[in-house]
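An overview of the molecular structure
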2 protein chains.
Amino acid sequence: MNLAVLQYYPEFGEKEANLLKVEKMLSKAAFDLVVLPELFATGYLFTSKHEVKKLSEEILEGPTVQMFSNFCRGKKVYACFGILEREGDRFYNSSLLVGPQGIMGHYRKLHLFYEEKKWFTPGNFPLSVTEINGIRVGMMICFDWRFPEAARTLALMGADLILHPSNLVLPHCPDAMITRALENRVFCATSNRIGTEKRGGKSLTYIGQSQIVDPDGKILVRLSGREEKVAVAAIDYKKAHQKKINFYNDLFLDRRENFYKVQNHLPLKLKKR
Amino acid sequence: MNLAVLQYYPEFGEKEANLLKVEKMLSKAAFDLVVLPELFATGYLFTSKHEVKKLSEEILEGPTVQMFSNFCRGKKVYACFGILEREGDRFYNSSLLVGPQGIMGHYRKLHLFYEEKKWFTPGNFPLSVTEINGIRVGMMICFDWRFPEAARTLALMGADLILHPSNLVLPHCPDAMITRALENRVFCATSNRIGTEKRGGKSLTYIGQSQIVDPDGKILVRLSGREEKVAVAAIDYKKAHQKKINFYNDLFLDRRENFYKVQNHLPLKLKKR
């Protein structure tokens, strides 16, 4: 399967223009499944709840899902993207997986970063794995990378591929996602945005470096910090079924789960802190 | 505290000479706590159980603990090192933490790599954390790096610093240990050996690159693949007490443990593989 990551510079608040730009970029590329950045259509650096509300959409009624439903049906492809989801008076930093038949997966970011805690309700759906064309995919969003349990849970649930829409500003994630790929023997596709947002006296610069990593930790694709591009890698997802790394070691069978429990046998002196 | 990693080239089977060499290297260095490689005194590439038995020692009666007990008592320092442990007719790939008062920690490798499974009994002690001079240390050995739960469990039990005696032959571990430091906000000290062992028609080359990484993922020390050296970094262990990375995020309080469970709600189609 041809797996793609789209990297671009969204204009804050210009949802319609961003959707058009992304659709144009995708129309020129050939892929089976593409990953887009976190909150790719709205921008990220919100300054008020009012702004968040204005840019949010209900999943089934908004223009973002409509565009992707049409696009994926027409091209017979799949897309995973971040979306500013509204449900009643709550807002979520979510991602969707859309295919030719419509919505196939929905995830709400479990680990909110920084001021996201001011705007969003923390994710309240379990991590989940969906099968498309034989490949099992799971989603996580941006800062989830910092918690090894997110990727681990998806992998133990059978994910071959982790889709990872992001808006990264700190430098460590691209290399850490190599560790996520290696420890779980899964493919990881991180799509990040680029550019600088200056709003309300604040400024954020996004690091790009969208990438696709294979289960051996090999970087199949890594973009620069500046380019707008749809980058594609052909992946053999069956490589992720093989958790054996040599004649003796299988990364899943070798787990010692009984020993992964936090023990309360520390001497009192150790507990006090 | 001054934390050190010792990197050197042990001669296979020459325990007495190796102990002397290591003692000499350590005598010239100034540190509070030093980490040595996995199985540093014996070498690694065993060809028979007989050989393993011959080179093994009972913890309390062998020359390795004797040397370190004397050294640490004399210098008022701490040392963590890998040891080929014999208990009855079982052999373990173990590590010890020795200080001025004697043995303070004992760990048996939970995740055995490759042919180690032919020689050793898998670890059967819980991961544990010990306090020395106010700093809480935990031990893991080499291939344990590949399982995020090992470092995670130690960190959740309160470890500020993970001591990591190793005999690394594959390339990914040094960078993956940066992820371990970042995700847990702990210091990680990996001591690796160098050189090539050729025995019984087999050959292994060890990658060196012993390192100390801080809770921000900064490499404080990283040795080359060839040098024999005791490298020292001054660390402020209290940095590891701070799991907060900004005003909004605390890496431990932000964990969503209820969502780290492998769900059995997959459609039947997904379960079959």
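Above this note sits the structure.
The structure presented is a predicted model; accordingly, all values stated were derived computationally and were not measured. (Residues numbered from 1 in each chain as written. Chains lettered and ligands numbered in written order. Predicted model: local features only at pLDDT ≥ 70, side-chain atom pairs only at ≥ 80, totals over all residues. Heavy atoms only, no water.)

1. Overview of the relation of the copies chain B and chain A
Between the two copies of the chain lies a rotation about an axis combined with a shift along it. Once chain B has been moved 0.0 Å along the axis and rotated by 180 degrees, it coincides with chain A to within an RMSD of 0.0 Å. Classification of the inter-copy transformation places it as that of a two-fold axis. Taken as a fraction of all interface residues of chain B, those also at the interface in chain A reach 98%, which identifies the copy contact as same-surface. (Least-squares fit on C-alpha atoms with pLDDT ≥ 70 in both. Contact = heavy atoms within 4.5 Å.)

2. Describing the interface of chain B and chain A
Between chain B and chain A, the residue contacts involve 63 residues of the former and 62 residues of the latter. For the pair chain B and chain A, the two sides together bury roughly 5500 Å², of which 59% comes from carbon and sulfur. Run the count over chain B and chain A and you get eight salt bridges. The residue A:Arg152 makes a salt bridge to B:Glu149 at a minimum N-O spacing of 2.7 Å. Our count for the contact surface shared by chain B and chain A stands at 25 residue pairs in polar contact (both at pLDDT 80 or more). When residues of the side of chain B that touches chain A are traced back to their parent elements, those giving at least two are α4 (116-119), β6 (129-132), α5 (148-156), α6 (173-184) and α7 (268-271) of chain B. It is α6(B) that provides the largest number of residues to the side of chain B that touches chain A, a total of six residues. Classifying every residue of the side of chain B that touches chain A gives 26 nonpolar, 15 polar and 22 charged. (Buried area = accessible area lost by both parts, 1.4 Å probe. Salt bridge = Lys/Arg side-chain N within 4 Å of Asp/Glu carboxyl O. Polar contact = N/O pair within 3.5 Å; in protein donor to acceptor, adjacent residues only side chain to side chain. Helix = DSSP H or I, 4+ residues; strand = E, 2+ residues; numbered from the N terminus. Nonpolar A, V, L, I, M, F, W, Y, C, P; charged D, E, K, R; others polar.)

3. So, the sheet that holds strand β8 (residues 161-166) of chain B
Residue and element names in this part refer to chain B. Spatially, β6-β7-β8-β9-β12-β13 is the arrangement adopted by the six strands of the open sheet, whose pairing is mixed. In this open sheet, the two edge strands, each paired with only one partner strand, are β6 and β13 (219-222). Looking at each pair of strands side by side, their axes are set apart by 20 degrees on average, direction ignored. (Pairing = 2+ DSSP bridges. Axes fitted to C-alpha atoms, helices over the stretch in contact; angles between N-to-C directions.)

4. Thoughts on the packing of helix α6 (residues 173-184) of chain A against α6(B)
It is at 9 Å that the axes of α6(A) and α6(B) come closest, and there the two elements cross at 105 degrees. Between α6(A) and α6(B), the angle falls in the class roughly perpendicular. Note on element contacts: α6(B) touches α6(A) through B:Asp175, B:Ala176, B:Thr179, B:Arg180 and B:Glu183, opposite A:Asp175, A:Ala176, A:Thr179, A:Arg180 and A:Glu183. (Parallel < 35°, antiparallel > 145°, perpendicular 65-115°, else oblique.)

5. Comments concerning the sheet that holds strand β3 (residues 78-87) of chain B
Residue and element names in this part refer to chain B. Read from one edge to the other, the open sheet built from six strands follows the order β5-β4-β3-β2-β1-β14, with strand pairing classed as mixed. Every other strand in the sheet has two partners, leaving β5 (102-108) and β14 (229-234) as the edge strands with one partner each. With direction set aside, neighbouring strand axes in the sheet form an average angle of 30 degrees. Sheet analysis places strand β1 (residues 2-7) next to strand β2 (residues 33-35), joined by three bridges and oriented parallel. By the bridge assignment for β2, Leu3 is matched with Leu33.

6. Overview of unusual backbone geometry
With a phi angle near 35 degrees, A:Cys142 is a residue other than glycine that sits in the positive phi range. Tracing the sequence through the fold places A:Cys142 in the loop between β7 (135-139) and α5 (148-156).

7. A look at the pattern of salt bridges
Scanning all chains against the criterion turns up 42 salt bridges over all chains. Between A:Glu115 and A:Lys118 there is a salt bridge; the shortest N-O distance is 3.6 Å. For B:Asp175, the salt bridge identified is with B:Arg222, shortest N-O distance 3.0 Å. In this pair, B:Asp175 is assigned in helix α6 and B:Arg222 in strand β13, connecting sequence segments 47 residues apart.

8. Considering the packing of aromatic side chains
Considering all chains together, one arrives at 22 aromatic pairs over all chains under this definition. Aromatic side chains A:Phe113 and A:Phe143 sit 4.9 Å apart centroid to centroid with 55 degrees between the ring planes, which places their arrangement in the tilted category. On the criterion of sequence distance, the pair formed by A:Phe113 in the loop between β5 (102-108) and α4 (116-119) and A:Phe143 in the loop between β7 and α5 is long-range, its members being 30 residues apart. Centroid distance A:Phe143 to A:Phe147: 5.3 Å. Interplanar angle 85 degrees. Geometry classified as edge-to-face. Take A:Phe143 and A:Phe147: they sit in the same class, and that class is buried. Three or more aromatic residues joined by ring pairs form one cluster here, namely A:Phe113, A:Tyr114, A:Phe143, A:Phe147, B:Phe247 and B:Tyr248. Above the plane of the ring of A:Tyr92 lies A:Arg108, whose end atom (NZ or CZ) is 3.6 Å from the centre. (Phe/Tyr/Trp six-rings, centres within 6.5 Å; stacked < 30°, edge-to-face > 60°. Buried < 20%, exposed > 50% of the residue type's maximum accessible area, 1.4 Å probe, protein only. Lys NZ or Arg CZ within 6 Å of the ring centre and 35° of its normal.)

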